[in-house]
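Examining the three-dimensional arrangement
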Amino acid sequence: MSAISVGQAVVLGVVEGVTEFLPVSSTGHLKIAEGLMHIPVDDKSVVGFSAVIQVGAIAAVLVYFFKDIKRIITAWFTGLVRPQERYHHDYKFAWWVIAATIPIVVVGLAAKPLIDGPLASLWVVAGSLIGGSVVMWCADQMGRHKRGEDDTSFKDAMLVGCSQILALLFPGFSRSGATMSTALILDLDRVAATRLSFFLGIPALTGAGIYELKDALGAGVGAAPLAVGTGVSFVVAYASIAWLLKFVAKHSFNAFVIYRIIIGALLFGLLGTGVLSS
């Protein structure tokens, strides 16, 4: 019997699609949803399922930003064979994304037992939701929002890329929240920070999904729930991306900060009263 039913896969696909790119922590919300549906959050197959359905959300990014990604990849391949093209920002940006992904891959592989074990606790999620909110609020206040996407540098990409480690180690902190906050501290405007977060998330999340696929299939999650969860996350994530880019163009991140604090406090309450098990 599959560890996750098709119906549960639909719910988790919606949760993943809505929260993957919003700075509210998809991992945290998935663990909360799993806990409410009495799915063991530390089960190997469940951890694998959560990673695999992220690929649906990543596919949404690939489709939504297809023209941008095609332009960047074309510039990269062109620069590999034509040295005179290597001055182009897109060529350099492609290398920056590759380099900025290496730290999270190294930490992810080295710390996997810790990430899948003690750090998977809902207590950690609750604390990280609130702690990440403080970081996000400070970043939004500190940032001068004066630099656009074309002003990004190798230093920006590496610092933002490395910040993904916070979300890896502390589920609930939010990969999007960590990367956007770091970009804001570096004075990127909110739209540039959001787009940079999207592009840096593509290789990291795709790699994680492929790596975990064997565990999800081999440890008790059927092909049908995986396919349904991934498909639902794609559709919902596409809509979320479109909405988020419009939202950050005109608003601060305060709404996300308040929401995270409320969810974190609620989770502490549910854990403290025994309604949810950590």
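You'll find the structure just up there.
Thresholds applied
Residues numbered from 1 in each chain as written. Predicted model: local features only at pLDDT ≥ 70, side-chain atom pairs only at ≥ 80, totals over all residues. Heavy atoms only, no water. Buried < 20%, exposed > 50% of the residue type's maximum accessible area, 1.4 Å probe, protein only. Helix = DSSP H or I, 4+ residues; strand = E, 2+ residues; numbered from the N terminus. Polar contact = N/O pair within 3.5 Å; in protein donor to acceptor, adjacent residues only side chain to side chain. Axes fitted to C-alpha atoms, helices over the stretch in contact; angles between N-to-C directions. Parallel < 35°, antiparallel > 145°, perpendicular 65-115°, else oblique. Left-handed = near helix turned anticlockwise from the far one by under 90°. Contact = heavy atoms within 4.5 Å. Patch = residues over 30% accessible without salt bridge, like charges linked within 9 Å, V, L, I, M, F, W, Y side chains within 5 Å. Areas by Shrake-Rupley, 256 points an atom, 1.4 Å probe, with all protein chains shown as cover. Salt bridge = Lys/Arg side-chain N within 4 Å of Asp/Glu carboxyl O. Phe/Tyr/Trp six-rings, centres within 6.5 Å; stacked < 30°, edge-to-face > 60°. Core = buried A, V, L, I, M, F, W, Y, C linked by side-chain atoms within 4.5 Å.

Here's the deal with helix H9 (residues 175-185)
Within H9, 10 of the 11 residues are buried, leaving the element largely enclosed by the surrounding structure. Those residues of H9 lying buried are Arg-175, Ser-176, Gly-177, Ala-178, Thr-179, Met-180, Ser-181, Thr-182, Ala-183 and Leu-184. Taking the backbone nitrogen of Ser-176 as reference, a side-chain oxygen 3.4 Å away marks Ser-174 as the first, capping residue of H9. Residue Asp-187 follows H9 closely and has a positive phi angle near 75 degrees.

Quick look at the packing of helix H7 (residues 122-142) against H9
For any two helices packed against each other, one specifies the inter-axial angle together with the distance between the axes. Direction vectors running N to C along H7 and H9 enclose 25 degrees, while the axes themselves pass 8 Å from each other. With respect to H9, the element H7 is oriented roughly parallel. The crossing of H7 and H9 is left-handed. Facing Val-135, Met-136, Ala-139, Asp-140 and Met-142 of H7, the residues of H9 in contact are Gly-177, Ser-181, Leu-184 and Ile-185.

What to know about a nonpolar patch on the surface
A surface patch of nonpolar side chains, amounting to about 570 Å² of accessible area, comprises Ile-73, Phe-77, Leu-80, Val-81, Trp-95 and Ile-98. Of all the secondary-structure elements, those providing two or more residues to the nonpolar patch are helix H4 (66-81) and helix H5 (89-110). Counting through the fold element by element, Ile-73 comes out in helix H4.

Re the packing of helix H1 (residues 6-19) against helix H11 (residues 223-248)
In contact at an axis separation of 7 Å, H1 and H11 are set at 30 degrees when each is read in the N-to-C sense. The orientation of H1 relative to H11 falls into the category roughly parallel. Both H1 and H11 take part in a crossing whose hand is right-handed. Contacts from Val-6, Ala-9, Val-10, Gly-13, Val-14, Glu-16, Gly-17 and Val-18 in H1 reach Ala-224, Pro-225, Val-228, Gly-229, Val-232, Ser-233, Val-236, Ala-237 and Ser-240 in H11.

Concerning the packing of aromatic side chains
A complete count under the given rule lists 14 aromatic pairs for this structure. Centroid distance Tyr-64 to Tyr-238: 5.3 Å. Interplanar angle 65 degrees. Geometry classified as edge-to-face. Here the residue Tyr-64 occupies a position in helix H3 (residues 44-64), and Tyr-238 occupies one in helix H11, the gap between them amounting to 174 residues. For Tyr-64, a relative accessible area of 30% gives the class partly exposed. The interplanar angle of 65 degrees and the centroid separation of 5.0 Å between the aromatic rings of Trp-76 and Phe-77 together place this pair among those described as edge-to-face. Put simply, the rings of Phe-21, Tyr-64, Phe-65, Phe-93, Trp-96, Phe-198, Phe-199 and Tyr-238 pair up and form one aromatic cluster.

As for the nonpolar core
With 44 residues, the main nonpolar core has Phe-21, Phe-65, Phe-198, Ile-241 and Phe-256 as its most contacted residues. Beyond its immediate chain neighbours, meaning those up to four positions away, Phe-198 contacts Phe-21, Val-61, Phe-65, Ile-241, Leu-244 and Leu-245. Counting residues in each nonpolar core, the second largest holds 13 residues, with Val-46, Phe-49, Val-52 and Ile-53 among its members.

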